[in-house]
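Here are the chains, one letter per residue:
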Amino acid sequence: MSPVFSNLLAQPGVALAAEAAVKIAVVIVVLMGMVAYTVLAERRICALIQDRLGPNRVGAFGLLQPIADSFKLLLKENVLPGHVNRFWYVLAPTIAMAPPLLTLAVIPFGNTLAGFNLVIADLDVGVLWIFSIASLGVYGIVLAGWASNSKYPFLGGMRSAAQLISYEVPMGLSVVSVFLLVGSLKLSNVVAYQAGTWLIFKAPLAFLIFLVSAFAETNRLPFDLPEAEQELVGGYNTEYGQMKFALFFLAEYANMIVASALIVTLFFGGWQVPFVRVEAFGPILAGALGVAAFFVKLLAFIVFFIWVRWTLPRFRYDQLMRLGWRVLLPLALLNIVATALALALKLRA
Amino acid sequence: MEAALFHLFSFLTLAGALLVITRRDPVNAAMLLVLTFFFMAGLFVLAHAWFLAAAQILVYAGAIMVLFLFVIMLLDAKEETRRCFGRVAGVGALAVGGALLAALAGVIRDGRLWRVPAGDAEGTTAAVGRLLFNTYLLPFEVASVLLLAATVGVIVLIRAPRRPDDAPPSA
């Protein structure tokens, strides 16, 4: 290492920035790789469920299929329909892709490894940051629907806006009980709290509400009304093609992975390894085992998301709204009151 | 560094707000307002008011402006871009704007809001919660009742009693 470079790194701000930059690069590369292979997993698992084979020609077991697909999408001719509002039409896919990338910053994917905290930014307002950034994803879909200047995308965009806003409410309220228990919004504290028992055993109702809302927030079946093919042709992305379409597609899968990561962190102990005291293996191995535990749980949830999609039929729009406002919202409120009462009684006793 | 960022975000906030009121197209104006909220959240972060910054984005940019956009898109936005305002409306707008500016100038000259050292505001979630549920408990609860009243009002309005002659077709 040249002396100029090491001197530069010795400055506290620079070292911090360099560490953050490396973590950001690693997380984005891992996320995009996972997105690509989640798409393949989805195709293979759905084929399995429908007694087909799925894409198995490109590479062994079809493992090179995502690479072929991404080159196809990247190399397609860039077509801009004449009837669209150009500015928002081009910007909308980017707006849809940004939230999942930004929310990942606060999710701890491990404890510490070689002295580095395995989280990009452990914010004091952790989960609040995730909710605030995730709530912006709806702009991408709404603007895409509106800027396309076409009936079906517009209907899809409007549906999506109503759905996302409706399910943000029970989702946000369901985690309140988690924070009553933990006493902090910081995700590293939430994970540390679950060293003994996972929060799913202490707040099962909150987990159920959060899970259902997560399916709705990520536009996955049984709540994929914004892109219901039989009713809306393709929904908000009907007028999109090439890489612009691919960005919407990637955003949907990235959202699913982030939602899975959040569920794992909030309710399934994050990077905590169950039943084993990993500290006994020394710091390096313990850190690596934590990361491995996080990814195993994450993959399990991704498979669960895919499994549900190919098993359940779609809700009708009025059923979706009724479930959100009349079932999940009162349940979430009840859950908060019950948790708060239980905690208050425990404090008094 | 912090001073430079403060000036940058202040400038962007003001520029964004100015663009919001000068755009003709309501969708562009609404999205510029979202952007302005972001820059304001940046200012909150510089004041170490983390909770306020997150709440600002969550509530204003993520929820309220989405509903604004929803309504703008459902109404015909093209009509709005063509509409011109008369002289009376112009004078009225100037008067209201001038009064607001005068009120702001009064507060600034008062000086109480003027000097807050950067990072002195306690902005962690716990600090904000302590303030809301101790010092400001009553105003906080009153504000929630106000919002409830508005919600009930909307429901009453959309469920206005039908005239007896247009009874529902069935039952």
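Residues numbered from 1 in each chain as written. Chains lettered and ligands numbered in written order. Predicted model: local features only at pLDDT ≥ 70, side-chain atom pairs only at ≥ 80, totals over all residues.

Along chain B, the regular secondary structure elements total seven helices and zero strands. Listed by position from the N terminus, the elements making up chain B come as α-α-α-α-α-α-α. For chain B, the proportion of its 171 residues judged to be buried stands at 16%. A separation of at least 24 residues holds for 61% of the contacts in chain B among residues at least 6 apart in sequence. (Helix = DSSP H or I, 4+ residues; strand = E, 2+ residues; numbered from the N terminus. Buried ≥ 20, exposed ≤ 12 C-beta atoms within 10 Å, placed from the backbone. Contact = placed C-beta atoms within 7 Å.)

Scanning chain A from N- to C-terminus turns up 14 helices and two strands. Taken over the C-alpha trace, chain A has a radius of gyration of 22 Å; the compact-globule value for 349 residues is 20 Å, and the two agree within 12%. A principal-axis box enclosing the C-alpha atoms of chain A has dimensions of 60 × 60 × 45 Å. Split into buried and exposed, the 349 residues of chain A put 44% on the buried side. Taking the contacts inside chain A whose residues are at least 6 apart along the sequence as the reference set, 76% of them involve residues at least 24 apart. (Rg over C-alpha atoms; globule rule 2.2 N^0.38 Å.)

Another aspect to go through is the environment of Leu343(A). Within the fold, Leu343(A) resides in helix H14 (residues 317–348). Measuring from C-alpha to C-alpha, the distance between Leu343(A) and Leu181(A) comes to 7.7 Å, with 162 residues separating the pair along the chain.

Residues and elements named next belong to chain B. Per the domain assignment, the segments making up chain B are domain 1 (1–81) and domain 2 (122–159). In this structure, domain 1 and domain 2 have C-alpha centres spaced 22 Å apart. Taken together, the contact between domain 1 and domain 2 spans six residues of the former and four residues of the latter. (Domains from an automatic or database assignment.)

Moving on: helix H7 (residues 151–182) of chain A. Residues and elements named next belong to chain A. If you check H7, its first and last C-alpha atoms are 47 Å apart, about what 32 residues at 1.5 Å a residue would give, namely 46 Å. Most of H7 is tucked away: 23 of the 32 residues are buried. Two residues or fewer past H7, Gly-183 is found with a positive phi of approximately 80 degrees. (Expected span 1.5 Å × (residues − 1).)

Glancing now at the interface of chain B and chain A. With 15 residues of chain B in contact, the opposing surface of chain A contributes 15 residues. Broken down by element, the side of chain B that touches chain A gets its largest block of residues, twelve residues, from helix H3 (residues 50–74) of chain B.

This next bit is on the packing of helix H10 (residues 204–217) of chain A against H14(A). Residue and element names in this part refer to chain A. Close contact between H10 and H14 brings their axes to 10 Å; oriented N to C, the two are set at 150 degrees. By the angle between their axes, H10 is roughly antiparallel relative to H14. The chirality of how H10 crosses H14 is left-handed. Counting all contacts with H10, which are made through Leu-205, Ala-206, Ile-209, Val-212 and Ser-213, the residues of H14 involved are Leu-328, Leu-331, Ala-332 and Asn-335. (Axes fitted to C-alpha atoms, helices over the stretch in contact; angles between N-to-C directions. Parallel < 35°, antiparallel > 145°, perpendicular 65-115°, else oblique. Left-handed = near helix turned anticlockwise from the far one by under 90°.)

A few words on the packing of helix H4 (residues 86–103) of chain A against helix H12 (residues 242–267) of chain A. Residues and elements named next belong to chain A. Relative to each other, H4 and H12 sit at 25 degrees, their axes nearing to 8 Å. With respect to H12, the element H4 is oriented roughly parallel. For the element pair H4 and H12, the recorded crossing hand is left-handed. Two secondary-structure elements touch here, H4 through Pro-93, Thr-94, Ala-96, Met-97, Pro-100 and Thr-103 and H12 through Lys-244, Leu-247, Phe-248, Leu-250, Ala-251, Ala-254, Asn-255 and Val-258. Grouping the amino acids of the contact of H4 with H12 by side-chain chemistry returns ten nonpolar, three polar and one charged. (Nonpolar A, V, L, I, M, F, W, Y, C, P; charged D, E, K, R; others polar.)

Our focus in this paragraph is unusual backbone geometry. All names here are of chain A. With a phi close to 60 degrees, Asp-51 is a non-glycine residue in the positive phi region. With respect to the element layout, Asp-51 can be found in the loop between helix H2 (12–49) and helix H3 (65–75). You can call Asp-51 exposed: it has 6 C-beta atoms within 10 Å. Its identity as a non-glycine residue notwithstanding, Phe-61 has a phi of 55 degrees, on the positive side. By secondary structure assignment, the location of Phe-61 is in the loop between H2 and H3. The exposure class assigned to Phe-61 is partly exposed, which follows from the 13 C-beta atoms found within 10 Å.

On to the domain arrangement of chain A. Residues and elements named next belong to chain A. Here chain A is partitioned into domain 1 (1–75) and domain 2 (81–348). Measuring from the centre of the C-alpha atoms in domain 1 to the corresponding centre in domain 2 gives 20 Å. Considered class by class, the residues forming the side of domain 1 that touches domain 2 number 14 nonpolar, one polar and three charged.

Right, let's talk about the environment of Ala92(A) for a bit. Relative to the helices and strands, Ala92(A) resides in helix H4. Beyond its immediate chain neighbours, meaning those up to four positions away, Ala92(A) contacts Gly140(A), Leu143(A), Ala144(A) and Ala147(A).

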